[in-house]
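Observations on the model geometry
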Amino acid sequence: MTPTAHRLALFGHPVAHSLSPTIHAAFAAQTAVALSYEAIDADIDGFASALAAFAGAGGTGANVTLPLKHAAAALCATLDPRARRMGVVNTLVLRDGGWHGDNTDGTGLVRDLTERHALDLRGRRTLVIGAGGAAAGVVPALLDAGVGELYIVNRSSERADALVDAIGEPGRVHSRYLADAHALGEFSLVVHATSATRGGMLPPLPMSLLASRATAVDLNYGEAAIPFLAWARAGNALHAIDGLGMLVEQAAESFTLWLGERPQTDPVYAQLRAHAPTLATAD
Ligand code: NAP
């Protein structure tokens, strides 16, 4: 790294197989910005000290992934409204000696769906499966994009209830137990936002959740997206989309926050898609 290079990192656990270093290296090559971007494995207990050590060594920006997105918000001096609304941060920018927290996940997902896949989200009855950091990041952006009634289902009720309370639109956004999803009728947009499939297991989901011509979206990508996309295909979803496009779009949004320059995402997406094991449609 040259002395003037920007020092960036991804914090999370696990991070060893993350595509983020590859994506940011491609953005850096494209924009001719000198940077380093390393993956730093940190759990909840070690995160604050790892982040402080990173800043002490010249780090000026970072991404944060599971399970650290709520913890990152607590370490910030200032928060963008996108991050403050739900208390989850995926992007840290060093400003005036303190961390500024933002969340680019929701913008990344909506940009992938509406621009890359040319989908109109307005009015769609929407189901979000999962209530962790990723769900908290994308639900406000889906609402802002104009989806209709939205249900959040989760294995444990507390996180889904907390998410719905934080959104504060009781007539439009509701929480339920995942096990009670069969009673919710059908949805034209179903978003899978759990980490269950990282272990290969998709929670049981009735096919009746999928309306005719539904769009099914998995925030996971690669091997972890295969069980949900296979379920969506078996249920005749019109579109079955994995999280690779979202990953690239949220990274571009973070890159812009750190460096003030927006990289082109299509070439990087195409490069990664060529190597991604997936059942996603390329519509
Ligand atoms: P998280 O904060 O750890 O939350 C995990 C969620 O998965 C919780 O809702 C949890 O339910 C649920 N879950 C875990 N194991 C489960 C199981 N066996 N059965 C049912 N539910 C289960 O993680 P996250 O940050 O939200 O990330 C979720 C997934 O989205 C990850 O796999 C991540 O890679 C992916 N993601 C992708 C992108 C992208 O750019 N494409 C961005 C962000 C995240 P409980 O609350 O009941 O534990």
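Procedures and definitions
- Residues numbered from 1 in each chain as written.
- Predicted model: local features only at pLDDT ≥ 70, side-chain atom pairs only at ≥ 80, totals over all residues.
- Heavy atoms only, no water.
- Helix = DSSP H or I, 4+ residues; strand = E, 2+ residues; numbered from the N terminus.
- Rg over C-alpha atoms; globule rule 2.2 N^0.38 Å.
- Buried < 20%, exposed > 50% of the residue type's maximum accessible area, 1.4 Å probe, protein only.
- Contact = heavy atoms within 4.5 Å.
- Lys, Arg positive; Asp, Glu negative; His and termini not counted.
- Charge placed at Lys NZ, Arg CZ, Asp CG, Glu CD.
- Pairing = 2+ DSSP bridges.
- Phe/Tyr/Trp six-rings, centres within 6.5 Å; stacked < 30°, edge-to-face > 60°.
- Axes fitted to C-alpha atoms, helices over the stretch in contact; angles between N-to-C directions.
- Salt bridge = Lys/Arg side-chain N within 4 Å of Asp/Glu carboxyl O.
- Core = buried A, V, L, I, M, F, W, Y, C linked by side-chain atoms within 4.5 Å.
- Parallel < 35°, antiparallel > 145°, perpendicular 65-115°, else oblique.
- Left-handed = near helix turned anticlockwise from the far one by under 90°.
- Nonpolar A, V, L, I, M, F, W, Y, C, P; charged D, E, K, R; others polar.
- Domains from an automatic or database assignment.
- Buried area = accessible area lost by both parts, 1.4 Å probe.
- Polar contact = N/O pair within 3.5 Å; in protein donor to acceptor, adjacent residues only side chain to side chain.

Here we come to the overall build of the protein. Looking only at helices and strands, the protein has 10 helices and 12 strands in total. A globule of 283 residues ought to have a C-alpha radius of gyration of about 19 Å, and the protein, at 18 Å, matches this closely. Overall, the protein is about 55 × 40 × 30 Å in size when its C-alpha atoms are taken along their principal axes. When burial is assessed residue by residue, the protein has 54% of its 283 residues classed as buried. Long-range pairs, those at least 24 residues apart, make up 69% of the contacts in the protein with a sequence separation of at least 6. Measuring between centres, the 20 positive side-chain charges of the protein sit 3 Å from its 27 negative side-chain charges.

Before going further, it helps to spend a moment on the pairing of strand S1 (residues 6-12). Most of S1 is tucked away, with five of its seven residues classed as buried. Taken together, the seven bridges between S1 and strand S2 (residues 35-41) define a ladder with parallel strand orientation. When the sheet's bridge partners are listed, alanine 9 is paired in S2 with glutamate 38. Here S1 pairs with strand S3 (residues 59-64) via five bridges, running parallel. Among the inter-strand pairings, leucine 10 is bridged to a residue of S3, identified as asparagine 63.

Counted under the stated rule, the structure contains six aromatic pairs. Ring centres of phenylalanine 11 and phenylalanine 54 lie 5.5 Å apart, and the angle between their planes is 80°; this geometry places the pair in the edge-to-face category. With phenylalanine 11 in strand S1 and phenylalanine 54 in helix H2 (residues 44-56), the pair connects residues that are 43 residues apart, well separated along the chain. For the pair shown, phenylalanine 11 and phenylalanine 54 are each scored as buried.

Here we have six strands laid out as an open sheet, ordered S9-S8-S7-S10-S11-S12, and parallel in their pairing. The open sheet is flanked by strand S9 (173-177) and strand S12 (239-241), the only strands paired with a single partner. Looking at each pair of strands side by side, their axes are set apart by 20° on average, direction ignored. Its contacts with the sheet place helix H6 (residues 133-144) against strand S7 (126-129), strand S8 (150-154), S9 and strand S10 (187-192), and it is angled at close to 170° to S8.

What follows deals with the pattern of salt bridges. The full count for this structure, using the stated rule, is 15 salt bridges. A salt bridge links arginine 82 to aspartate 102; its shortest N-O distance comes to 3.0 Å. Of the two residues, arginine 82 sits in helix H4 (residues 81-84) while aspartate 102 sits in strand S6 (residues 98-102), which places them 20 residues apart along the sequence. Residue aspartate 102 is classed as buried on the basis of its relative accessible area, which comes to 2%.

We now examine the nonpolar core. Counting 31 residues, the largest nonpolar core has Leu109, Leu121, Val128, Leu142, Leu150 and Ile152 as its most contacted members. Listed by contribution, the elements that provide at least two residues to this core are helix H5 (105-116), H6, S8, helix H7 (157-167) and S10. Examining the composition of this core, we find that seven residues originate from one element, H6, more than from any other. Once you skip the residues sitting within four places of it in the chain, isoleucine 152 turns out to touch Val128, Gly130, Ala131, Val139, Ala160, Leu163, Val164, Ile167, Val173, His174, Ser175 and Arg176.

Now for the packing of H5 against helix H9 (residues 244-259). Where H5 meets H9, the axes come as close as 7 Å, and the angle between the chain directions of the two elements is 125°. If you check the angle between H5 and H9, you find them oblique. With respect to the hand of their crossing, H5 and H9 are arranged in right-handed fashion. Contact with H5, carried on its side by Asp105, Thr107, Gly108, Leu109, Arg111, Asp112 and Arg116, involves Gly245, Met246, Glu249, Gln250 and Glu253 of H9 and no other residues of that element. When its residues are assigned to classes, the contact of H5 with H9 shows two nonpolar, four polar and six charged.

Attention shifts here to the environment of alanine 29. With respect to the helices and strands, alanine 29 occurs in helix H1 (residues 20-31). Residues alanine 29 and aspartate 218 lie 189 residues apart in sequence; the distance between their C-alpha atoms is 29 Å.

Domain boundaries assigned for the protein yield domain 1 (6-103 + 247-278) and domain 2 (106-242). Here domain 1 and domain 2 have C-alpha centroids that lie 24 Å from each other. Each partner contributes to the interface: domain 1 provides 21 residues, whereas domain 2 provides 26 residues. Interface area for domain 1 against domain 2, summed over the two sides, is near 1900 Å², with a carbon-plus-sulfur share of 54%. For the pair domain 1 and domain 2, the interface holds five salt bridges. Taken together, the links from domain 1 to domain 2 amount to five residue pairs in polar contact (both at pLDDT 80 or more). Looking at the side of domain 1 that touches domain 2, the elements that each hand over two or more residues are helix H3 (69-74), H9 and helix H10 (266-273). When residues in the side of domain 1 that touches domain 2 are grouped by element, the largest group, four residues, is from H9. Looking at the side of domain 1 that touches domain 2 residue by residue, the classes come out as eight nonpolar, five polar and eight charged.

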